[in-house]
Amino acid sequence: MKVNAAAKINLLLDVAGKLPDGYHSLDMIMQSVDCCDTVRVDRVKGEKIKIITADERVPTDEKNIAYKAAAAFFDACKINKNRGIEIEIEKRIPMAAGLAGGSADAAGVLFCLNELFETKLSQFELCEIGERVGADVPFSLTGGTAYCTDKGGVIAKLPDLTDCYILLCKPNIDVSTQSAYKLIDEAERIRHTDTVSMLYAMKTRDFELMCKKASNVFEQVIEVPKRPYIKAAMKKCGASLSMMSGSGPTVFGVFRESQAAEKCEKLLKKEHREVYITRPCKKSIEVIEK
């Protein structure tokens, strides 16, 4: 079975505190975009989980979140025999970029396994499994436009984002999510997001208010040397909103007109290799082949 698994951006990201189990409590407004990885999952003889990819940067062992998702699925469903699978991942989503590329792959694997093993788990049950391996996995299973809280597994659907063009620009550095949360924990003071106003903007589809209230607390603690230049270039080209996604380093710009997005893409590509124009999409998993 083969699926496309979409990336995401954060229109809002706040770290509200720590939960009793030591994980962070999050407030996030997420949006799927049509930059996708392709994930193929096939059943094979034996018990091994095998990962294949042409991208040498992608781990092919238990360090890969897609591998962890498969193992979590088998454990949750009590599948102990004939669990051999082959996972092939074709990467297009930038890595270590704040775009949930790994989580998208994990979500694609969970979706495929539910079909291949005929376990008939509900989307909620799949999200419960996904939350065990990553905060962005539940949203990567549901997609669209949504408010996500707690550890990422509490999801409320929001009205679709106003039609627009979303330009992604990833500087040539990687950011570790684990180190990003450590910086948040060590920060003396964090200015938290105006989540209430942002939710009102999303509910009423007030594009201008959304752009005004969009915020990401990680911008306060994570230094990305090229970020000010990228944001300034996006604003100069007419972006209504320019902000870092997730724990970074990717910066995205929201444009109402395609010509403005294309102009900015051309400008940023002079210095940055990973620059993409995307569109909002209403779901995160698209079946290509059953």
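Residues numbered from 1 in each chain as written. Predicted model: local features only at pLDDT ≥ 70, side-chain atom pairs only at ≥ 80, totals over all residues. Heavy atoms only, no water.

A. How the structure looks around the overall build of the chain. Each helix and strand in the chain was counted, giving 9 helices and 12 strands. Its C-alpha radius of gyration of 19 Å places the chain within 12% of the 19 Å reference for a compact globule of 290 residues. Referenced to the eigenvectors of the C-alpha coordinate spread, the extents of the chain come out at roughly 55 × 40 × 35 Å. Intrachain contacts of the chain at a sequence separation of at least 6 include 75% that bridge at least 24 residues. Put simply, the chain shows about 13800 Å² of open surface, and 48% of that area lies on carbon and sulfur atoms. Seen as two clouds, the 43 positive and the 41 negative side-chain charges of the chain have centres 2 Å apart. (Helix = DSSP H or I, 4+ residues; strand = E, 2+ residues; numbered from the N terminus. Rg over C-alpha atoms; globule rule 2.2 N^0.38 Å. Contact = heavy atoms within 4.5 Å. Areas by Shrake-Rupley, 256 points an atom, 1.4 Å probe, with all protein chains shown as cover. Lys, Arg positive; Asp, Glu negative; His and termini not counted. Charge placed at Lys NZ, Arg CZ, Asp CG, Glu CD.)

B. The arrangement of the pairing of strand β6 (residues 154-157) in detail. Examined bridge by bridge, strand β5 (residues 145-150) and β6 share 4 bridges and lie antiparallel to one another. Bridge assignment links Ala146 to a residue of β6, and that residue is Lys157. Linking β5 back to β6 in an antiparallel pair, the connection comprises 3 residues, with Gly152 at a positive phi of about 105 degrees. (Pairing = 2+ DSSP bridges.)

C. Region of interest: helix α6 (residues 195-204). Taken together, the buried positions of α6 are Thr195, Met198, Ala201 and Met202. Summarising the axial view, the buried residues of α6 lie within an arc of 120 degrees, below the 170-degree limit, and thus occupy one face. For α6, the exposed residues lying more than 90 degrees away from the buried face are Val196, Tyr200 and Lys203. Elements in contact with the buried residues of α6: β1 (2-18), β2 (24-43), β5 and α7 (207-213). (Buried < 20%, exposed > 50% of the residue type's maximum accessible area, 1.4 Å probe, protein only. Arc of directions from axis to C-beta.)

D. View of the environment of Lys290. One can find Lys290 in the segment after β12 (285-289). Relative accessible area serves as the criterion here: at 79%, Lys290 is assigned to the exposed category. For Lys290 and Val3, which are 287 residues apart along the polypeptide, the C-alpha to C-alpha distance reads 8.5 Å.

E. Inspection of the nonpolar core at higher detail. Counting residues in hydrophobic clusters, the biggest one holds 61 residues, and the most contacted among them are Leu11, Phe73, Ile87 and Met210. What Met210 contacts, discounting residues up to four positions off in sequence, is Leu11, Leu161, Met198, Ala201, Met202 and Leu241. One finds Met28, Ala180, Ile184 and Val221 within the second-largest nonpolar core, a separate group that totals 19 residues. (Core = buried A, V, L, I, M, F, W, Y, C linked by side-chain atoms within 4.5 Å.)

F. Examining the environment of Gly253 more closely. Along the chain, Gly253 turns up in strand β10 (residues 251-255). On the basis of relative accessibility, which here comes to 0%, the residue Gly253 falls in the buried class. On a C-alpha basis, the gap between Gly253 and Ala233 in space is 9.6 Å, while along the polypeptide they are 20 residues apart. In contact with Gly253, not counting residues within four places along its chain, are Tyr165, Ile166, Leu167, Met234, Ala239, Leu241 and Ser242.

G. Quick peek at the pattern of salt bridges. For the structure on display, the rule yields 20 salt bridges. In this structure, Asp37 and Lys91 form a salt bridge, with 2.5 Å as the shortest nitrogen-oxygen distance. In this pair, Asp37 sits in strand β2 while Lys91 sits in the loop between β4 (85-90) and α2 (101-116), placing the two residues 54 residues apart along the sequence. A salt bridge links Glu88 to Arg40; the shortest N-O distance between them is 2.8 Å. (Salt bridge = Lys/Arg side-chain N within 4 Å of Asp/Glu carboxyl O.)

H. The arrangement of the pairing of strand β9 (residues 241-244) in detail. Here β9 shows two buried faces, one formed by Leu241 and Met243 and the other by Ser242 and Met244. Summarising the sheet, β9 and β10 pair through 4 bridges and their orientation is antiparallel. Across the sheet, Ser242 pairs through a bridge with Gly253, a residue of β10. Where β9 folds back on β10, the antiparallel hairpin that results is connected by 6 residues, among which Gly246 adopts a positive phi of roughly 55 degrees.

I. Focus on the sheet that holds strand β11 (residues 274-278). Strand order in the open sheet made by the 4 strands is β9-β10-β7-β11, with antiparallel pairing throughout. Only two strands of the sheet have a single neighbouring strand rather than two, namely β9 and β11. For this sheet, the mean inter-axis angle between neighbouring strands, taken without regard to orientation, is 15 degrees. Along the sheet, helix α9 (residues 258-268) contacts β7 (165-170), β10 and β11; its crossing angle with β7, the most-contacted strand, is approximately 10 degrees. (Axes fitted to C-alpha atoms, helices over the stretch in contact; angles between N-to-C directions.)

None of this, on its own, says anything about what the molecule does.
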